[in-house]
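Residue-level structure breakdown
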Amino acid sequence: MNIQENISLKNYNTFGIDVKARFFVEITGLVQLQKVLELKAYPKKFIISGGSNMLLTKDIDALVVHLKLKGISIVEENENFVEVKAMAGENWHDLVMWSLEQGFGGLENLSLIPGNVGTAPIQNIGAYGVELKDVFVSCAAMDVKTGELEGFDNEACEFGYRDSIFKNEAKDKYIITSVVLKLTKKDHVLHTGYGSIENELKEKGIVHPTIRDISDAVIAIRRNKLPDPKEIGNSGSFFKNPVISQKAFDRFTKKNPNAPFYEMDDNQFKIPAGWLVEQCGFKGKRFGDAGVHEKQALVLVNHGSATGKEILDLSKKIQDEVQKTFKIKIQPEVNIIK
Ligand code: EPU
């Protein structure tokens, strides 16, 4: 086990924030992970995987454990379905591409989401009408206190919009080590309802799309709208779309009749935070190296050497302005490490 000291985490978080880890170790196996968790000499541990959903605002005075658990395998199948197990350190998009190469359906709408497999259940990643929970069977998670592996099935994960048990009661108590997903081998259920997918397919003249066509459409839409973390530091949507009650919605639409919204099941309404932020004049704005993406106001970006604190300050300024203008609270979806 090679424990290094004072390592920059710039290349380990997609925001590209240059903070230091006091200690740093890479983990490639479960037994190794158990051993690291037992190390008494390093009482504080901080787990990092794809680093795609965190904003680091200061140096990490702990042993940073970088998860590199790899492997994809089929654990069960019949003629219709397949259950695929992927280790936490696999890149999410690579898993999606692998599934398409095998002809397995279910992940195509979730193409090009940054981050690793192990983080996907934490925030129940979702895009273009599909959420992880729609294909999720179970995950294995290591108890950080005992080093024991526990299983969480779909129900136990308590998935919600960008939410799960791992953001609530189970926060910081477990390390997700692998995930099992149920995918289709034939009769794929296609989700083309999301407006921009329909348009993209129409433009290409595709009437009977395959799962690959849908993935291609999603990739084209995302490339056009969302910044690539390899080119410009970001963490995808920085804020969650706020969900408001019928009463608050009635008040809101009276004043803003042209605002987009999604109606939810239980008399609640989701308002796109990107729209709210744009209306407040922040889209494409830059404050030093901290900025708001020019094509999607939900995404905060690091133009080069912004500090985590500068991004955090910008996010607070945006929250305050949205609150003042619309009386709506928007909350970060990114995990802010203070
Ligand atoms: N909008 C604006 N201005 C903006 C951005 C959006 O007016 O700057 C409007 C759009 O015109 C549209 C509406 O807001 O009417 C919705 O925009 P979009 O389709 O881009 O989706 P979103 O609600 O802003 C969510 C997810 C994205 C996901 C897309 C597509 C959240 C927090 N974000 O964004 O997820 O890709 O839907 O399904 O739910 C991510 O989590 O990192 C992410 C990118």
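Residues numbered from 1 in each chain as written. Predicted model: local features only at pLDDT ≥ 70, side-chain atom pairs only at ≥ 80, totals over all residues. Heavy atoms only, no water.

Quick look at the domain arrangement of the protein now. Examined at the domain level, the protein breaks down into domain 1 (4-67), domain 2 (72-225) and domain 3 (233-337). Of the roughly 1000 Å² buried between domain 1 and domain 2 on both sides combined, carbon and sulfur atoms contribute 69%. Contact with domain 2 buries area across many residues of domain 1, yet Leu30, Leu37 and Asn53 alone supply 40% of it, more than any other trio. Connecting domain 1 to domain 2 are zero salt bridges. Inspection of the region where domain 1 meets domain 2 yields two residue pairs in polar contact (both at pLDDT 80 or more). By residue number, the principal contributor to the side of domain 1 that touches domain 2 is helix 1 (residues 30-38), which donates four residues. (Domains from an automatic or database assignment. Buried area = accessible area lost by both parts, 1.4 Å probe. Salt bridge = Lys/Arg side-chain N within 4 Å of Asp/Glu carboxyl O. Polar contact = N/O pair within 3.5 Å; in protein donor to acceptor, adjacent residues only side chain to side chain. Helix = DSSP H or I, 4+ residues; strand = E, 2+ residues; numbered from the N terminus.)

For helix 3 (residues 195-203), the set of buried residues is Ile197, Glu200 and Leu201. For helix 3, the angular spread of buried residues about the axis comes to 95°, placing them on one side. Opposite the packed face of helix 3, turned more than 90 degrees from it, sit the exposed residues Lys202 and Glu203. Tucked inside the fold, the buried residues of helix 3 contact helix 4 (211-225). Immediately beyond the C-terminal end of helix 3, within one or two residues, lies Gly205, with a positive phi of roughly 70°. (Buried < 20%, exposed > 50% of the residue type's maximum accessible area, 1.4 Å probe, protein only. Arc of directions from axis to C-beta. Contact = heavy atoms within 4.5 Å.)

Near the ligand lie 24 residues; those nearest to it are Tyr128, Tyr161, Ser237, Glu278 and Gln296. Within the backbone of Tyr128, a nitrogen or oxygen atom sits 2.6 Å from an oxygen atom of the ligand. Within the side chain of Lys225, an N or O atom sits 2.9 Å from an oxygen atom of the ligand. With the chains in place, 83% of the 820 Å² that the ligand exposes on its own is no longer accessible. Those elements that provide at least two residues to the shell around the ligand are helix 4, strand 13 (233-237) and helix 6 (273-279). For the shell around the ligand, the element with the most residues is helix 6, which contributes three residues. Of the residues assigned to the shell around the ligand, the class counts are 12 nonpolar, five polar and seven charged. Residue assignment places the shell around the ligand across two domains, with domain 2 (72-225) and domain 3 (233-337) each supplying three or more. (Near = heavy atom within 4 Å. Areas by Shrake-Rupley, 256 points an atom, 1.4 Å probe, with all protein chains shown as cover. Nonpolar A, V, L, I, M, F, W, Y, C, P; charged D, E, K, R; others polar.)

The next point concerns the sheet that holds strand 6 (residues 72-77). If you walk across this open sheet you meet the five strands as 6-7-12-10-11, and the pairing is antiparallel. Edge positions in the sheet fall to strand 6 and strand 11 (149-153), since each has one partner strand and no second. Averaged over all pairs of adjacent strands, the angle between their axes in this sheet comes to 25°, without regard to strand direction. With five bridges joining them, strand 6 and strand 7 (residues 81-87) adopt antiparallel strand pairing. Of the residues in strand 7, the one forming a bridge with Glu76 is Glu83. Helix 1 contacts strand 10 (136-143), strand 11 and strand 12 (174-184) of the sheet and is inclined by roughly 40° relative to strand 10. (Pairing = 2+ DSSP bridges. Axes fitted to C-alpha atoms, helices over the stretch in contact; angles between N-to-C directions.)

Taken N-terminus to C-terminus, the directions of helix 3 and helix 4 make an angle of 110°; their axes are 9 Å apart at the nearest point. By the angle class used here, helix 3 and helix 4 are roughly perpendicular. Contacts between helix 3 and helix 4 involve Ser196, Ile197, Glu200 and Leu201 from the former and Asp213, Ile214, Ala217, Val218, Ala220 and Ile221 from the latter. Here the contact of helix 3 with helix 4 is built from residues that sort into seven nonpolar, one polar and two charged. (Parallel < 35°, antiparallel > 145°, perpendicular 65-115°, else oblique.)

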